[in-house]
Every structure is written in structure tokens, then in C-alpha cells.
Amino acid sequence: MPIAFKQVSYEYSPGTPFAYGALNGVDVEITEGKVTAIIGATGSGKSTLIQHLNALLLPSKGEVEVLDRTIVAGVKPKQLKSLRQNVGLVFQFPEYQLFEETILKDIIFGPINFGVEPQEAELRSLHALNVVGLDETYAEKSPLDLSGGQKRRVAIAGILAIDPYVLVLDEPTAGLDPQGSKSMMNLFMTMNRKYGKTVLIVTHDMEHVLNYCDEVVVVDQGKVILKSDVKSFFRDEKLLDELNICQPKVVDMRRQLQKAGMDLSDDIFDIESLAQAIAKEVNGHE
Amino acid sequence: MNNIALGRYLPLNSMMHRMDPRAKILAMLGMLTAIFIPTGFLGYGILAVIIISVVFMSKLKLNFLIRAMKPMMFMLVFLMIINIFVLKTGYVVVDIYGFKIYSDAIFQTLYISIRLMLMIMITTILTATTKPLDLTLGIEDLLAPFKRFKVPAHEIAMMISIALRFIPTLIEETDRIMKAQASRGVDLAEGKFKEKILAILSLIVPLFVSSFQRAEDLADAMEARGYVPQATRTRYKQLKRTWKDNVMLLIVLAIILTMVALAIGV
Amino acid sequence: MKHLEIKNLRFTYDQQTDVVKNVSFHVEKGSYTSIIGHNGSGKSTIAKLIIGLLEKSDGEIIIDGIALGEDTVNQIRGKVGIVFQNPDNQFIGSTVRDDIAFGLENHQVPQKDMDDIITHFAREVGMSDYLENEPTRLSGGQKQRVAIAGVLAMKPDILILDEATSMLDPKGKEEVNALVDEIHREHNMTIISITHDIEEVVKSDYVFVMNEGEFVMQGKPQDVLLHANTLIDIDLDVPFTVKMALALKKHGINIEEPMNMKRMVEQLCQLRLSK
């Protein structure tokens, strides 16, 4: 089932002095079953783009295909709930959306809203709590007693418990410390690899794009200017320079060594392989 | 959320924009007084003409003012309905199968509507032509003489200016939380009463939590930069009054007197 | 010269939880010091204690020979400027100009001098063209630069960055880091950077590693950052170059300066040619 944007434009506050075109003819298809990174400078339109996926924003022009639904500009879509149930969207700093007295109550809020039976909803919520790395002893605690990183996990569990088909995350690691970010990114990998979810992640961190994502979509000034698989993206030095994207450190180092005359494969994307290849070069062929 | 017109400053360049905020606040209060003098439709006609000319002098577009009034429309319709049911004096205007609508109900509603619209226009002119900070400084200066009666003029001004500074931020935040909860299946339009309460809570609680967080951060930042509420501070922005401001205030005074004259039927 | 000295500092929350446990350290004039630790390790609490936003439970904080106390707190706040994490929650004025003026008003700078000071420091942080802008029309990086200008305008001797770049995008981070480096260099400003960005630590003169409210390691970055396992154990990261050096070591290649990618590349190329 496709997730595709066809000539989608979106304008904020149309017809006012504050009108502002955030998307200008976006054309892109997201590959099902993959982890896709959406990158681009602040203000390029990434957040606007992903809010079209569960019809929080409706296109001013063009159409958005999401799973079995097509949202066409100018036509008010019906049954938004079923769409939102299928596409789980996690906003930036989601810890600010918690409101219930207990963690379990907060996680269960989504599934109940979407009409899941209470018993089933509770099972799902406890499972989601586990998946995000918190055990059942947390269920009855107040969300206010948690640390920032834990709150964020609970908020994400609240979306996972809805069991959406597609998971969309807006800068999920912003403000987290290194270990926090790492386990967060691993969580999304698990959602993809183990539970088969299609995952879209808006991020600024190229290390995350390289290490955790399969495909990359580049947004620039309200347009999707590129969609590529991650490895060929980071192989294309000229393109990266043109887009002014800072390369992952391992790629940067390999490039510097290549420029200095070392014979290294363009397919090296991790520290271990790079170390091995360097050793081969430095120590001579063993 | 971004197209709220009520209370918004429009960075244009007009004579009204350049007027002293203190004079503008006093003029607004004067005009509000004038509106409250019961003069009948003639007086309101005069006031409407004057106010609309000031709107043009301020380079404001009429549709901006109309948008500023939109939130009031619901209230006016509500008022109309109540008046139709309650006011049974005057002559019968319409008779629908025995249900009579009386002239006073119509006039009364019209009367209040015009007053309300003029009041909104006046305040909108003030807020649209005066930077929020200048407005606060104006309020602070006007309240200064009351300091001897323990009116904390400076603190009030600081509070208002911070509130104004954070309105756009909070609007953004509200928008984001609403969308986040919509993604969790919150539907404010449908659902049973109990579900609606929960939906509203899901918006209010996070908004409170984050506002408190912001307030705490802001207090820290202010304190770290040497702010002590009761201490003497110097002031960067100085307000300047010119002869034009005095002329404006004289005109407003003249308007009030005219309205009084109309009201007592001289 | 000891610019800032902290002796046996302790901070207890609710009279039971020790957030900062018996921390002592000092900072030299003109140095660049980093304090790293994961979220919740107590590092930001130290910053708030230094400028008297939180009241210490025990210990001493001495800046330029002045001990922090109730009657000296305003004097200390004139000497120490701080930039906080969230760019939105520390922008007080309604425009860049007014925001820089805020601190000047507090310190009773005469009104006639303010324009010059504002213009000067706005230029210093590269925000001259934005003086009339409202905060909603600025990027996170720009807001933090304004915050720095506001702090500099009060002519402090010490600049504390309390995770000042952690909410910024890469471009904003770069802008702010470059600006801080410049201020450090050109004004010989003492910098204390509280961060969890390990790559930021590499350039500092001295680094303190914090965990559970105490310092678990301290020293020059080239010494501290090599303890990869300890850093990972307390939920921190290791700089890329150190990871690379460790990986190379397994293949029998010893890197002399594992803090600098350029030097590493040079060394590897020399090794290759010498074989």
C-alpha cells in the first residue's frame, strides 16, 4: 500500500498578510517496510510534510496517498480516525503531551479513543511500555515522576499502543543525551525489523541517518529534491557538498584518507571495516 | 491559529503608528467613554464615521478589522436570540405563527452590536498601531502617579509585556499539543460528554505543565541577568510626546463633549 | 590564577536526594572548562548554584575572591553570565534590541549609553541586521546568539553555557560554538561549558566528568576521553576519533594524537609510506 505525495502544495494562513507557502509541489513516494530519514534545513518544510500523513494538515493543492486512502486538495476527508489509527505521528518533544495521573492511563488513552476494547487496550499498553524499555512497575506511577528521557518513552509508547501501520517521528532524539538517543534509535529499528512497521524519521543527525535508516528523503525550500537509499546517498560526495550536508564522521575520515592516496573502497561505512581496510593499507597485504 | 487578528500589532508606517502610546491609550479610554454615552443612532453614526476615518488614517484594511470582530459574532447572535425571547416591547416586526418579534428586541441588539463593534475597532486601532512593548511602557507611565497608593506600576507593566511576548509561543504550543492529541484519536467535535472532558483535559494539562516549565526557566533567566523586582532600573525606551498627541487628546475631549450634548439633548 | 573556586559543594533536594555530592574544583582565568555528564547527572545544578539560582546546602563558591552569599549574589551575577538550554525561554524582550537592553536596565546602565552598547554587542554576535526582529522570526541559533550578546553586554568575566546548543540544529550548533570560541580567544573569557556533546569537549583545556552528582574523572581531554569504557558505562559517548583509534589499535596501529582527525590522517599516511 502506497504512501505518496503527488504535486502537494501547502500554504499557511492563505489569503492573509501572513500567508506562507511551506510546501511547493512535493512529489515523492515512501517505500513501505523501510526506515526512511527525512532531512533538510530548519524551515525547509519537513514538519509540514509529515503532518499531511495523518491529515492534520490537508493539502492546498495536489493529493496525498496514505495506505488505502487518497486525500485530495479541496475535498474534506471523512473518517479521519481510521487514518490516524494507521499512521502514528509522534511530535517533537512528545513528553509535553502527557496528561493522565498514571503512566498506564496515559498510554491507554490513544487505543481507547480509537475504540479498542479496554482489556485489549490494557494488554497492548503494557506491551508498549515494555517495548520502550520500561517495566510494569512503572504502570501505576505518575508521568511527572519520570526523567525527561523516560517521559518521552512513555509518550512514544502511547503511540505504539495504538498499533499503527506507519510510525512517523519528528526529531525524536532532540535534547537527549548520547545513550538516550542511541536506545531511542534502536527502538525504531526494532519497530521496523521485528514488528514490520514502516518508519519515517525527521532528523538532523547524519550519524543516525547512516546507522539506522534505509532510505533518505531530502526536503529543500518546500520541495523534495531527492530520494535515495542511504548508502548511495553518502557515496555521492559532490551531492553532499552541493546540499551542504555535513558527512558522518566515518565517511569524512575515509574521504580524507582516500584523498591522501589510500586505496579504500567507497562501500566502507563503519569504523570496524574502515580500521580493517586501513590496516591492510598500512601494514601491506598480509 | 496564526490568523488571529484581535490584539495583533501590524508593523505599518502611519501617523497613528507614530503617536505616543500614552496619548493613544488615553484617547482610547476617552473614545470608549464616548461610546458609553447613550446618544442614540445619530451619535453612533458620528462616532462610526470618525472611527472609520481613523482606521484609514492608520492604514489598516477593513477586512483585518472584520476578522478581529469575528470572535464576537457568535456572542452577538446569542444576544439576538435572547433578546428576541425576552424583550416584548415596542411594535411587532414579524409574526411567525403567533411568535412575535418586537421592535425593541431588534433595536436593542443593533444598539449593543454597534457599540461592541465600535469598541473592538477602537481597541484594535490601538493594538494594531502600537508595539506591545510601547503599550506596556505607556501603561507603566500612566500608572506611575498611582505608585504612592502602592500600585506596582512597574511590576504590572513587566507582567503584561512578558505575557504579550509569550502569546505567540503559547499559540504555537497549543497548536502542537492539539495536533499531538488528535494523533492519539482526540476528537473535540464528536464523542460523549465524558470523552469530551477528557479531550479538553488532554489539552489543558500539558499546556499548564509546559507553561510552568517556561515560567520557571524565564524566572531563572531574568534573575541570572540581574533582575530584582523592587530594585531601581534604568529604562531603555523613552516615550516622547509631541504637539500632535495633544491635538489628538483635545479632539477626543471635543468628541466626548459633543456626545454628552447629544445625550442630554442640548 | 584561580578565577572560580568551589569547595565541598553539596546540594540536596527535598532534604533527602543528593543531587550534587561534595564537589570541589577550580577554574583558571581565561580557561575553557567542560563539565560533561548524562541528563540528570547533576551538571546543570552546579551552574545554577554558581549564579545563586539555587541555594547550596553546603560548601563554598568563590569567584575572584568573593564568596557567594546573600549579600554578594548580585555582585557575582555581574561577573558571571549564563546561557541556558531553551532558546525560547530566555528571550525576555519583544525584539532583539529590547532583549539586549533588559540586562543593561537591570544593571542601571544610563539610557544614553545603551544604544552604543547594544549596537556593539549585536555586531559582535553577528546579529546587527536583526535588531528589530521578534523572537518568533529568529532561528534557535540566532536566539542563542542574542542571549550571548545580552550576557556579554554586562561585561562578565565568566561565561557559563548550560547545554546552550543541545536544542539546536547542526547549523545553529556550529554558529554558537564558533561564536563561543571567538569570545574565548578574543576576550580571554573564562568559559565553563556544561554539555553532553562529547565532540564539544575535545577543544576544552580541562574536563570534569560527572555522574550521580559527583566527579568521576577529570583532567585534560586527551587523558579523560581515552577511558572509553568508563564513559560508556555512565551513559556518555566517546569521540569518533577515539573510537577509531581503539579500532586501529586492535589491528596493531597506535595513534599518537587520537583527538584530531586531521593529525590522525597525516599519521596514517606517513605510516603507510614508511612501510
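Report follows, based on the coordinates. Computed from a predicted model, the values in this text were never measured in an experiment.

## Some details on the overall build of chain B
1) Next: Scanning chain B from terminus to terminus reveals 9 helices and 2 strands.
2) Next: For chain B, the succession of helices and strands along the chain, N to C, is α-α-α-α-β-β-α-α-α-α-α.
3) Next: A compact globule built from 266 residues should have a C-alpha radius of gyration of about 18 Å, whereas chain B, at 23 Å, is more than 25% larger.
4) Next: Principal axes of the C-alpha set define a box for chain B whose edges measure 70 × 60 × 35 Å.
5) Next: Counting over 266 residues, chain B shows a buried share of 41%.

## Structural notes on the nonpolar core
1) Next: Ranked by internal contacts, the top residues of the largest apolar core, which has 75 residues, are Phe188(A), Ile278(A) and Leu268(C).
2) Next: Apart from residues lying up to four places away in sequence, Ile278(A) is in contact with Leu257(A), Met262(A), Leu264(A), Met244(C), Leu248(C), Ile253(C) and Leu268(C).

## A closer look at the pattern of salt bridges
1) Next: Under the defined criterion, the tally for this structure stands at 42 salt bridges over all chains.
2) Next: Two residues, Glu120(A) and Arg124(A), come together in a salt bridge whose shortest N-O distance is 3.1 Å. In this pair, Glu120(A) and Arg124(A) both sit in helix α4 (residues 118–131), 4 residues apart, roughly one turn of the helix.
3) Next: Residue Glu120(A) is classed as partly exposed on the basis of its relative accessible area, which comes to 37%.
4) Next: With a relative accessible area of 23%, Arg124(A) lands in the partly exposed category.
5) Next: Of the charged contacts in the structure, one is a salt bridge between Asp64(C) and Lys79(C), with a shortest N-O distance of 3.2 Å. Separated by 15 residues along the polypeptide, Asp64(C) in the loop between β4 (58–63) and β5 (66–67) and Lys79(C) in helix α2 (residues 73–79) bring together distant segments of the chain.

## Considering the sheet that holds strand β3 (residues 32–36) of chain C
All names here are of chain C.
1) Next: In space, the 6 strands of this open sheet follow the order β6-β7-β8-β3-β9-β10, with mixed pairing throughout. Looking along the sheet, the strands with just one partner apiece sit at the ends: β6 (80–83) and β10 (214–219). Taken over all neighbouring pairs, the strand axes of this sheet differ in orientation by 20° on average, direction set aside.
2) Next: In this structure, strand β9 (residues 206–211) lies alongside β10, joined through 5 bridges in antiparallel fashion. Note that in β10 the partner of Val 207 across the bridge is Gly 219.
3) Next: Contacting β3, β7 (158–162) and β8 (190–195), helix α6 (residues 170–187) runs over the sheet at an angle of about 140° to β3.

## As for empty space enclosed by the protein
1) Next: Counted by the stated rule, this structure contains 2 cavities of 30 Å³ or more.
2) Next: Taken as a whole, the largest cavity holds about 50 Å³ of empty space.
3) Next: In terms of lining residues, the largest cavity is bounded by Phe91(A), Gln92(A), Phe93(A), Pro94(A), Tyr96(A), Gln97(A), Arg176(B), Ile177(B) and Ala180(B).
4) Next: Here the lining of the largest cavity is built from residues that sort into 6 nonpolar, 2 polar and 1 charged.
5) Next: Approximately 40 Å³ is the volume found for the second largest cavity.
6) Next: Taken together, Ala221(B), Arg225(B), Ile82(C), Phe84(C), Gln90(C), Ala147(C) and Val151(C) make up the full set of residues lining the second largest cavity.
7) Next: Among the residues forming the lining of the second largest cavity, the class breakdown is 5 nonpolar, 1 polar and 1 charged.

## Remarks on the side chain of Lys197(A)
1) Next: With respect to the helices and strands, Lys197(A) occurs in the loop between α6 (178–193) and β8 (198–202).
2) Next: Setting aside chain neighbours within four positions, we find Lys197(A) in contact with Lys34(A), Asp163(A), Pro164(A), Tyr165(A), Met191(A) and Asn192(A).

## Observations regarding the layout of surface pockets
1) Next: The computed volume of the second largest pocket comes to approximately 570 Å³.
2) Next: Around the second largest pocket, the lining is made up of 21 residues, and of these Phe109(A), Ile112(A), Asn113(A), Glu195(B) and Leu198(B) lie nearest the centre.
3) Next: Those elements that place two or more of their residues in the lining of the second largest pocket are α3 (103–113) of chain A together with α8 (193–224) of chain B.
4) Next: Along the lines of polarity and charge, the residues of the lining of the second largest pocket split into 7 nonpolar, 4 polar and 10 charged.

## A look at the sheet that holds strand β7 (residues 166–170) of chain A
Residue and element names in this part refer to chain A.
1) Next: Strands sit in the order β6-β7-β8-β3-β9-β10 across an open sheet of 6 strands; the sheet is mixed. Looking at strand neighbours, the two that pair on one side only are β6 (87–90) and β10 (223–229), the edges of this open sheet. Adjacent strand axes in the sheet meet at a mean angle of 15°, parallel and antiparallel pairs treated alike.
2) Next: Looking at chain direction, β7 and β8 are connected through 5 bridges and run parallel. Across the sheet, the residue bridging to Asp 170 is Val 202, located in β8.

What counts and what doesn't
Residues numbered from 1 in each chain as written. Chains lettered and ligands numbered in written order. Predicted model: local features only at pLDDT ≥ 70, side-chain atom pairs only at ≥ 80, totals over all residues. Heavy atoms only, no water. Helix = DSSP H or I, 4+ residues; strand = E, 2+ residues; numbered from the N terminus. Rg over C-alpha atoms; globule rule 2.2 N^0.38 Å. Buried < 20%, exposed > 50% of the residue type's maximum accessible area, 1.4 Å probe, protein only. Core = buried A, V, L, I, M, F, W, Y, C linked by side-chain atoms within 4.5 Å. Contact = heavy atoms within 4.5 Å. Salt bridge = Lys/Arg side-chain N within 4 Å of Asp/Glu carboxyl O. Pairing = 2+ DSSP bridges. Axes fitted to C-alpha atoms, helices over the stretch in contact; angles between N-to-C directions. 1 Å grid on protein atoms, 1.4 Å probe; cavity = no way out; pocket = protein on both sides within 12 Å on 5 of 7 lines; lining within 4 Å. Points joined across faces, edges and corners; volume = space filled by probe spheres on them. Nonpolar A, V, L, I, M, F, W, Y, C, P; charged D, E, K, R; others polar.

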